[in-house]
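Report on the structure
Spelled out from the first residue to the last, the chains are:
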Amino acid sequence: MATQQTRSLARFMLAPSVVLLFVWMVVPLALTIWFSFQQYNPLNPIRDGFVWFSNYSLFYSNPAFLQSILNTLVLVGSVLLITVIGGIMLALLIDQPMWGQGIVRILVISPFFVMPPVAALVWKNMIMHPQYGVFADIARFFGAQPIDWFGQHPMLAIIIIVAWQWLPFATLILLTALQSLDGEQKEAAEMDGAGFVSRFIYLTLPHMSRAITVVILIQTIFLLSVYAEILVTTNGGPGYASTNLPFLVYQKALLEFKIGQASAGGVIAVILANIVAFFAMRAVGKNLDK
Amino acid sequence: MARAVTTQHKVIATAAAWIVALLIFFPILYTIITSFKSEQEAIQGFNLIPSGTFESYTEVQAQSGYFKFFLNSVILAVGSTILALIVAVPAAWSMAFSPGKWTKDILMWMLSTKMMPAVAVLFPIYLIFRDLGLLDSRIGLMIMLMLINLPIVIWMLYTYFREIPGEILEAARMDGATLWGEIVYVLTPMAVPGIASTMLLNIILAWNEAFWTIRLTTTEAAPLTAFISSFSSPQGLFWAKLSAASTLAIAPILIMGWFSQKQLVRGLTFGAVK
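Residues numbered from 1 in each chain as written. Chains lettered and ligands numbered in written order. Predicted model: local features only at pLDDT ≥ 70, side-chain atom pairs only at ≥ 80, totals over all residues.

Topic: the overall build of chain B
- Across its full length, chain B holds 12 helices and 0 strands.
- Traced from its N-terminal end to its C-terminal end, chain B shows the element sequence α-α-α-α-α-α-α-α-α-α-α-α.
- At 23 Å, chain B has a C-alpha radius of gyration far larger than the 19 Å of a compact globule built from 274 residues.
- In terms of overall dimensions, chain B has C-alpha extents of about 75 × 70 × 30 Å along its principal axes.
- Every one of the 274 residues in chain B was classed for burial, and the buried ones make up 44%.
- Considering only contacts in chain B between residues 6 or more positions apart, those separated by 24 or more positions represent 78%. (Helix = DSSP H or I, 4+ residues; strand = E, 2+ residues; numbered from the N terminus. Rg over C-alpha atoms; globule rule 2.2 N^0.38 Å. Buried ≥ 20, exposed ≤ 12 C-beta atoms within 10 Å, placed from the backbone. Contact = placed C-beta atoms within 7 Å.)

Considerations on the overall build of chain A
- Scanning chain A for helices and strands turns up 13 helices and 2 strands.
- Each principal axis of the C-alpha atoms in chain A carries an extent, and together these give about 80 × 75 × 30 Å.
- For chain A, the proportion of its 290 residues judged to be buried stands at 46%.
- Long-range pairs, those at least 24 residues apart, make up 69% of the contacts in chain A between residues at least 6 apart in sequence.

Comments concerning the domain arrangement of chain B
Residue and element names in this part refer to chain B.
- Domain boundaries in chain B define domain 1 (7–55) and domain 2 (66–268).
- Between domain 1 and domain 2, the C-alpha centre-to-centre distance is 31 Å.
- Listed per partner, the contact involves 9 residues of domain 1 and 7 residues of domain 2.
- Of all the secondary-structure elements, those providing two or more residues to the side of domain 1 that touches domain 2 are helix H1 (7–35) and helix H2 (39–42).
- Among the elements that line the side of domain 1 that touches domain 2, the one with the most residues is H1, at 4 residues.
- Counted by class, the side of domain 1 that touches domain 2 contains 3 nonpolar, 4 polar and 2 charged residues. (Domains from an automatic or database assignment. Nonpolar A, V, L, I, M, F, W, Y, C, P; charged D, E, K, R; others polar.)

Describing the interface of chain B and chain A
- Facing the 78 residues of chain B at the interface are 81 residues of chain A.
- Looking at which element gives the most residues to the side of chain B that touches chain A, the answer is H1 of chain B, with 16 residues.

A look at the environment of Phe 257 of chain A
Residue and element names in this part refer to chain A.
- Along the chain, Phe 257 turns up in the loop between helix H12 (245–255) and helix H13 (259–289).
- Taking the number of C-beta atoms within 10 Å as the measure of exposure, Phe 257 has 14 and is therefore partly exposed.
- Considered as a pair, Phe 257 and Pro 42 are 215 residues apart in the sequence and their alpha carbons are 6.7 Å apart.
- With sequence-adjacent residues up to four places away left out, Phe 257 is seen in contact with Asn 41, Pro 42 and Leu 43.

Remarks on the environment of Thr 81 of chain B
Residue and element names in this part refer to chain B.
- With respect to the helices, strands and loops of the structure, Thr 81 is situated in helix H4 (residues 66–97).
- Given 26 C-beta atoms within a 10 Å radius, Thr 81 is considered buried.
- As a C-alpha pair, Thr 81 and Met 142 span 61 residues in sequence and 8.5 Å in three-dimensional space.
- Residues within four places of Thr 81 in sequence aside, it is in contact with Met 199, Asn 202, Ile 203 and Ala 206.

With respect to the packing of helix H8 (residues 154–179) of chain A against helix H12 (residues 239–268) of chain B
- Closest axis-to-axis distance for the H8 of chain A/H12 of chain B pair is 9 Å, and the angle between their directions is 85°. One way to sum up the angle between H8 of chain A and H12 of chain B is to call them roughly perpendicular. The segment H8 of chain A lies against H12 of chain B, with Phe 169, Leu 172, Ile 173 and Thr 176 of chain A engaging Val 265, Arg 266 and Leu 268 of chain B.
- Its residues assigned to classes, the contact of H8 of chain A with H12 of chain B shows 5 nonpolar, 1 polar and 1 charged. (Axes fitted to C-alpha atoms, helices over the stretch in contact; angles between N-to-C directions. Parallel < 35°, antiparallel > 145°, perpendicular 65-115°, else oblique.)

Comments concerning the environment of Met 146 of chain B
Residue and element names in this part refer to chain B.
- Turning to its location among the elements, Met 146 is positioned in helix H7 (residues 138–162).
- Given 25 C-beta atoms within a 10 Å radius, Met 146 is considered buried.
- Between the C-alpha atoms of Met 146 and Leu 85, which are 61 residues apart in sequence, the distance is 8.9 Å.

Section: the nonpolar core
- In terms of nonpolar packing, the biggest core is built from 165 residues, with Val 162, Ile 173, Leu 174 and Val 215 of chain A together with Ala 92, Ile 154 and Leu 157 of chain B touching the most fellow members.
- Counting residues per element, this core draws most heavily on H7 of chain B, at 17 residues.
- Both domains that furnish three or more residues to this core are identified here as domain 1 (7–55) and domain 2 (66–268) of chain B. (Core = buried A, V, L, I, M, F, W, Y, C linked by C-beta atoms within 7 Å.)

Examining the confidence of the model for chain B
Residues and elements named next belong to chain B.
- When pLDDT is averaged across chain B, the result is 85; 96% of the residues are at 70 or more.
- Looking at the elements of chain B, mean pLDDT is at its lowest for helix H8 (residues 166–174), recorded as 76, and at its highest for H1, recorded as 93.
- For this predicted complex, the interface confidence comes out at an ipTM of 0.87, alongside a pTM of 0.89. (pLDDT = per-residue confidence, 0-100.)

Some remarks on helix H6 (residues 122–131) of chain B
- Of all the residues in H6 of chain B, the buried ones are Leu 122, Phe 123, Pro 124, Ile 125 and Phe 129 of chain B.
- At the exit of H6 of chain B stands Gly 133 of chain B, carrying a positive phi of roughly 70°.

Some thoughts on unusual backbone geometry
- Backbone geometry places Asn 235 of chain A, a non-glycine residue, at a positive phi of 60°.
- For Asp 136 of chain B, which is not glycine, the phi torsion reads 55° and is therefore positive.
- Relative to the helices and strands, Asp 136 of chain B resides in the loop between H6 and H7.
- Taking the C-beta count within 10 Å as the criterion, Asp 136 of chain B has 15 such neighbours and is therefore assigned partly exposed.

Structure (structure tokens):
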């Protein structure tokens, strides 16, 4: 039935979003690349001009640069690890027959609805505050010294907060996948004497693989640009201990007004995101074709 | 036949699941509890029973004016969602029902535009917005939110539309349905649940977007993300006030999410679960 007419209609329907996204991608990116070759400082415009690659070498020689790339990867990697493994375990638990499963689901999904600045503020002040936080109360109850989370373990603290925000997403998608598993298959495996572990490895895990890839892909997109959580809690510190690449770019642009260097950092961030995306997309593309 | 479940197994599973669920929910619960404490109570150590005062709420309202931010959040979330649907529904529709050689690649490319870190393009966007007079305007921010969520919206709609079987259309045609009848009586009822859950997810994403909404606004168009950011620097005794403000910022979307979580979760799987 796909006549020439319906096909051109289809193209016509698709065009607006393709054009919009193309413009949205190309124009800001082109401008960023342009600025990355400029010396541009709104506060001190005297030396503004074309400077070739010196912004890149300045950004690269910044001691925070390698640290920020490392922090970005550590943050993405650890949160993925925690949420995927934790999500699988939680999904297996919630999938068991129990009383009040509906309420359990609602409680578990809740952090997903909390906006990043609120999540960060609540964790910073209510939970991890070295004096008034709940963790400090618990530590004092056991007679221990409360931990100064953001001073001593800034990356760990941020990883905990971000993982808390994304665990619900992973759990619920994996739970949905788990619940779509054919009950008869499970029973057959049980009849054949497969124990819990081998059932999990040979039946459940392959069944969930598509869901796991989607979780990894969607989360990677959002985790690469974590920003509000760092801004609110540690402000990238102490030193550069919890500065990721987006946050370093933000510091250059909005705190130091070094637009050229910030743009060079932005271009590097885009390249890094594309490298990560390339691998994620390839894995997902393969898995979604099945 | 369901598996026989021993009561003991069920009791253990229930207890374990409830403990974990309450731990995950605890930061939110404790914030809500603290919002009903006075500032003095809030710092007197762990305590789950508040005195039930509303003074933090009245103070927050007097200090920052909640309702203007709330209204902006609603307008931005709903407005950007409607814009996104207007653009995305035809696109997802055409890719689902007359897929071409490039459909998969186009979808992947669209998703890849989301990989661009927002902060990398902040400055150019800021300049463009300034030159177009869109800084701190609701319409500018609406377009922004529409653009950043568009790939996800298209992707989600696509996975929904693809599940609508093409044979149903042919059957309707055989029965003599006109194109209009096809759209109104056959396709729309099947597409509505998918569109509805996409809408919900997009409203949540737009409501919680905390980069552009803070960076591109000052007062007029500032939504709740900006409202809560004014509490980021400690200001004396502010634990109860912070809790009240946080509760106010998340309550609308939390309640909406609770009521719609079933539809939402199905949409979130992006076609990964058949």
